[in-house]
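Here is how the chains run, residue by residue.
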Amino acid sequence: MIDSHRWIWIVAALLLGGLLYLLAPILSPFLIGVLLAYMGDPLVDRLERWKLSRTWGVVVVFALISLVMAILLLVLVPMLGKQLVRLYELVPQVLDWMQHQALPWVQLKFGLNEGFWRFDQLKEALSGELGKTTDIVGMLLSKVTASGLALLAWLANLLLIPVVSFYLMRDWDLMVAKLRNLLPRGREGLVVQLFGECHEVLGAFLRGQLLVMLALGVMYATGLMAIGLELGLLIGVLAGLASIVPYLGVVVGIGAALTAGLFQFGLDVYPLLGIAAVFVVGQMLEGMLLTPLLVGDRIGLHPVAVIFAIMAGGQLFGFTGILLALPVAAVIMVLVRYLHDLYKLSNLYSEPASAPVEPPNPA
């Protein structure tokens with residue numbers, strides 16, 4: 001029978017889950033702020049060890065983050081916008097190429113019936129949508145500004161992120177110390193150990209894997225643009241983002257890049273070999289240099305766990321669920337590992353097999 005204290009914890013957990021579900025629409029800026037504070041805290045701690053005050057250390061870290069964001073907004077975003085517009089314009093041509101060249105070749109090669117895959121309806125529907133506007137930015141702005149209140153709420157959330165991040169980063173160590181003082185004295189060691197393992201898993205994944213994503217995105221984009229691939233920057237960035245799941249980035253990237261390369265270069269072998277070489281070199285550098293250097297040998301999240309956590313979080317709580325997915329997955333993994341260790345130490349696991357019962361000897 002469950003005692004009253006456990007019932008209290010169960011009810012509290014259910015109430016917390018319901019509250020998170022109700023507050024999900026406004027939680028995004030706070031969760032992003034917590035994420036930035038968590039990732040920036042080690043840098044601030046290092047600056048403190050260099051005799052800089054906590055507040056000035058946070059200011060320096062924020063200046064670095066602001067510089068990176070300014071570079072992204074002033075340089076990368078316009079370039080990506082141009083490639084998105086170009087991709088927007090190329091879609092009808094890609095459909096024509098598939099309908100009149102690629103699919104007839106597949107049909108001839110494999111002896112399929114004529115018109116085995118009809119693109120007429122798809123092409124007409126997509127071309128009609130594309131014909132409504134040629135300005136993606138204008139279309140997005142029209143959606144965003146359709147409601148003045150929605151636009152104001154979006155701007156308020158955007159401005160709230162740096163404010164939340166600044167105060168959390170400044171008071172991070174103080175908040176952690178206060179939370180530790182609230183732990184039951186008899187369970188403090190165990191809870192601190194479990195949270196330390198969660199921190200190790202989550203830190204290895206977020207700080208390490210995000211840096212790997214950034215490095216791979218830069219390498220892929222630079223290599224594809226050097227080859228002359230028209231959509232090289234866009235595909236390189238997408239492949240870098242997909243690298244949050246190990247090996248997914250190279251699959252997504254090489255598939256998209258070879259498709260774009262076939263459409264742009266035709267059957268010219270050398271550009272296609274160059275595209276493949278970019279991703280092969282990227283994977284070699286990731287395995288031999290980036291992952292050992294940035295992530296290390298700490299236990300991270302399994303790729304399948306990452307995919308499931310992100311999809312489940314998005315399905316349950318939308319964008320807020322996506323932000324919560326990886327921390328929750330890290331905590332669950334550590335708890336499962338702890339329960340596994342308890343099971344291995346239990347009598348149920350170590351109990352010897354009972355002796356077989358001898359059948360009665362018939363007289």
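- The chain is annotated in an unreviewed UniProt entry as AI-2E family transporter from Pseudomonas leptonychotis.
- Comment text from UniProt for the chain, heading Sequence similarities (unreviewed entry), reads "Belongs to the autoinducer-2 exporter (AI-2E) (TC 2.A.86) family."
- You can read under Subcellular location (unreviewed entry) in the UniProt record for the chain the words "Membrane".

Quick look at the overall build of the chain
And then number 1: Counting its secondary structure elements, the chain contains 12 helices and 0 strands.
And then number 2: Its helices and strands in sequence order give the chain the pattern α-α-α-α-α-α-α-α-α-α-α-α, from N to C terminus.
And then number 3: Counting every position in the chain, which comprises 363 residues, the buried fraction comes to 25%.
And then number 4: If you take every contact in the chain between residues at least 6 apart in sequence, the share linking residues at least 24 apart comes to 71%.

Some remarks on the packing of aromatic side chains
And then number 1: If you walk through the whole model with that rule in mind, you get 4 aromatic pairs.
And then number 2: Between Phe 62 and Phe 166 the ring centres are 5.8 Å apart and the planes differ by 65°, which places this aromatic pair in the edge-to-face class. With Phe 62 in helix H2 (residues 54-110) and Phe 166 in helix H5 (residues 148-170), this pair connects stretches of sequence that are 104 residues apart.
And then number 3: Assessed through its relative accessible area of 17%, Phe 62 is described here as buried.
And then number 4: Ring centres 5.5 Å apart and planes at 90° place the aromatic pair Phe 166 and Tyr 167 in the edge-to-face group.

What to know about the pattern of salt bridges
And then number 1: Under the definition given, this model contains 7 salt bridges.
And then number 2: Here Asp 41 ties to Arg 54 by a salt bridge, and the two come within 2.6 Å at their closest N and O atoms. Taken together, the positions of Asp 41 in helix H1 (residues 4-49) and Arg 54 in helix H2 put the pair 13 residues apart, joining distant regions of the chain.
And then number 3: Residue Glu 188 is joined to Arg 180 by a salt bridge in which the shortest nitrogen-to-oxygen separation is 2.8 Å.
And then number 4: Residues participating in the shared-partner salt-bridge network are Asp 41, Asp 45, Glu 48, Arg 54 and Asp 173.

What about the packing of H2 against helix H8 (residues 232-242)?
And then number 1: For the pair H2 and H8, interaxial distance at closest approach is 8 Å and the crossing angle is 110°. Our classification of the angle between H2 and H8 gives roughly perpendicular. Between H2 and H8, the residues in contact are Leu 76, Met 79, Leu 80, Gln 83, Leu 84 and Leu 87 and Gly 232, Leu 233, Leu 234 and Val 237, respectively.

Examining the UniProt feature "transmembrane region" (unreviewed entry) in the chain
And then number 1: UniProt's feature table lists "transmembrane region" (unreviewed entry) at residues 7-36, 56-77, 149-169, 210-237, 244-263, 269-295 and 316-339, given in the numbering used throughout.
And then number 2: Secondary structure content for residues 210-237 is 86% helix and 0% strand, while the C-alpha to C-alpha distance between its ends is 13 Å.

Focus: helix H7 (residues 188-227)
And then number 1: With 40 residues, H7 extends 57 Å from end C-alpha to end C-alpha; this agrees with the ideal 58 Å at 1.5 Å per step.
And then number 2: Two residues or fewer after H7 comes Gly 228, characterised by a positive phi angle close to 105°.

A word on a nonpolar patch on the surface
And then number 1: Taken together, the side chains of Ile 65, Leu 67, Val 68, Met 69, Ile 71, Leu 72, Leu 73, Leu 74, Val 75, Val 77, Met 79 and Met 225 present a nonpolar region at the surface, about 1100 Å² in accessible area.
And then number 2: A total of 11 residues in the nonpolar patch trace back to one element, the largest contributor, which is H2.
And then number 3: Among the secondary structure elements, Val 75 is positioned in helix H2.
And then number 4: The class for Val 75 is partly exposed, based on a relative accessible area of 45%.

Quick notes on the nonpolar core
And then number 1: Counting residues in each nonpolar core, the largest one holds 24 residues, and the members touching the most others are Met 169, Leu 202, Phe 205, Leu 206, Ile 244 and Leu 326.
And then number 2: When contributions to this core are tallied by element, the ones reaching two or more residues are H1, H2, H5, H7 and helix H11 (303-345).
And then number 3: The element that contributes the greatest number of residues to this core is H7, accounting for 7 residues.
And then number 4: Each residue touching Leu 206, except ones within four places of it in the same chain, is listed here: Leu 35, Tyr 38, Met 39 and Leu 326.
And then number 5: With 17 residues, the next largest nonpolar core counts Val 212, Ile 235, Phe 279 and Leu 290 among its residues.

What counts, and where the lines are drawn
- Residues numbered from 1 in each chain as written.
- Predicted model: local features only at pLDDT ≥ 70, side-chain atom pairs only at ≥ 80, totals over all residues.
- Heavy atoms only, no water.
- UniProt positions renumbered as here; feature names shortened; annotations may be inferred.
- Helix = DSSP H or I, 4+ residues; strand = E, 2+ residues; numbered from the N terminus.
- Buried < 20%, exposed > 50% of the residue type's maximum accessible area, 1.4 Å probe, protein only.
- Contact = heavy atoms within 4.5 Å.
- Phe/Tyr/Trp six-rings, centres within 6.5 Å; stacked < 30°, edge-to-face > 60°.
- Salt bridge = Lys/Arg side-chain N within 4 Å of Asp/Glu carboxyl O.
- Axes fitted to C-alpha atoms, helices over the stretch in contact; angles between N-to-C directions.
- Parallel < 35°, antiparallel > 145°, perpendicular 65-115°, else oblique.
- Expected span 1.5 Å × (residues − 1).
- Patch = residues over 30% accessible without salt bridge, like charges linked within 9 Å, V, L, I, M, F, W, Y side chains within 5 Å.
- Areas by Shrake-Rupley, 256 points an atom, 1.4 Å probe, with all protein chains shown as cover.
- Core = buried A, V, L, I, M, F, W, Y, C linked by side-chain atoms within 4.5 Å.

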